[in-house]
Structures are given as structure tokens and as C-alpha cells.
Amino acid sequence: MNEDSLIIKNNLEHIKWEQLSKLFLEVGWNNHKVDRIIKAFENSQIVAIGYIENKVMGCGRVLTDHEFYATIYDVAIHPEFQGKGIGKAIVSNLLEHLDDISFVHLTATTGNEEFYRNLGLKKHKTAMGRYLNLSLEEEYLD
């Protein structure tokens, strides 16, 4: 497989959900069950699915009010293809759809903050949150 053959689709037509679910497992997101992944992506206003040779290699999705706010979720890139521009292409694709949105939010996975900084995102001084999962709360919240 060659990352130069990346195709990003902004729809869920013909998606193989088992491939997306496997991608989540490959990046260590073991608590995302396929039925919940399907629901999350189908309820998103914008999706970007990266394919190489018809295989899902990366993804991201957005929830937005289409006026003021948007949040990017679930940016995941197959580990064998990380660092090869696929994540940048997917996030850039999502941000292009949000050009007129005044505030775009994203919670970076631990250790990936610099990747998002390089794409123009900055640390938020007053963001607040809550997690139902105690281990996520300990990882991400003060």
C-alpha cells in the first residue's frame, strides 16, 4: 500500500464498518464497539474517511452547529501509516469544511498535541470537561 494513493471521502457510502472498527482497535481505542462507532459517525455532520486501495486507513468526524462552533472527534490513523501525511490530510479536509466557523474545538489524544499545533490549533485556556470513564478523567482532566 502506498500513502500517495490516499483518497478521502466525505460520506459514508460503501463504508465497511468492520474496517473502521478494526482501525479503532489498531490505535488502541478498545472500548469503541462497532454499533456505537456506526451511530457516532452517522450522527456527525461532517466525516472524512481516508482510503488506500479501498481499505480504511484513517478517519475523523465533526459535530457542528454550522454557525459558531464545531468539534473534531475520532481522528485515527492506522499505526503503519502514521507520520506519512494521512492525518494531516484528514484534519485539513475537515478544517476546510469549517472555514466560516469561528471556534473549532478538538481534544488531542495524549502525546499528539504537537501534531495539532502544527495544523494551526492552539491550547484552550478555559476548556472544561467531564468523563464517565475514570481512567480517561485521570488522563485528560486536572
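The structure displayed is predicted, hence computed values, not measured ones.

A.B. asks: I'd like a description of unusual backbone geometry, backed by residues and values.
C.D. replies: Despite not being glycine, Asn 54 has its phi angle at roughly 65°, a positive value. Looking at where Asn 54 falls in the secondary structure, it is placed in the loop between β2 (46–52) and β3 (55–64). Classification of Asn 54 as exposed rests on a relative accessible area of 60%. Of note in this structure, His 66 is not a glycine but carries a positive phi near 65°. Residue position: His 66 is located in the loop between β3 and β4 (69–77). His 66 gets classed as partly exposed once you look at its relative accessible area, which sits at 48%.

A.B. asks: Now, about a nonpolar patch on the surface: what can you tell me, with residues and values included?
C.D. replies: A surface patch of nonpolar side chains, amounting to about 320 Å² of accessible area, comprises Phe 68, Tyr 69 and Phe 103. Relative to the helices and strands, Phe 68 is located in the loop between β3 and β4.

A.B. asks: Residue-level account of the packing of aromatic side chains, with values.
C.D. replies: Taken as a whole, this structure holds six aromatic pairs when the rule is applied. Grouped by ring-pair contacts, the aromatic residues Phe 24, Trp 29 and Phe 41 constitute a single cluster. When the ring centre of Tyr 51 is taken as origin, the NZ or CZ atom of Lys 9, which lies over that ring, is 5.2 Å away. We note Arg 61 situated over the ring of Phe 41; from NZ or CZ to the ring centre the distance is 5.7 Å.

Rules of the game
- Residues numbered from 1 in each chain as written.
- Predicted model: local features only at pLDDT ≥ 70, side-chain atom pairs only at ≥ 80, totals over all residues.
- Heavy atoms only, no water.
- Helix = DSSP H or I, 4+ residues; strand = E, 2+ residues; numbered from the N terminus.
- Buried < 20%, exposed > 50% of the residue type's maximum accessible area, 1.4 Å probe, protein only.
- Patch = residues over 30% accessible without salt bridge, like charges linked within 9 Å, V, L, I, M, F, W, Y side chains within 5 Å.
- Areas by Shrake-Rupley, 256 points an atom, 1.4 Å probe, with all protein chains shown as cover.
- Salt bridge = Lys/Arg side-chain N within 4 Å of Asp/Glu carboxyl O.
- Phe/Tyr/Trp six-rings, centres within 6.5 Å; stacked < 30°, edge-to-face > 60°.
- Lys NZ or Arg CZ within 6 Å of the ring centre and 35° of its normal.

By themselves, these are just geometric observations and shouldn't be taken as functional.
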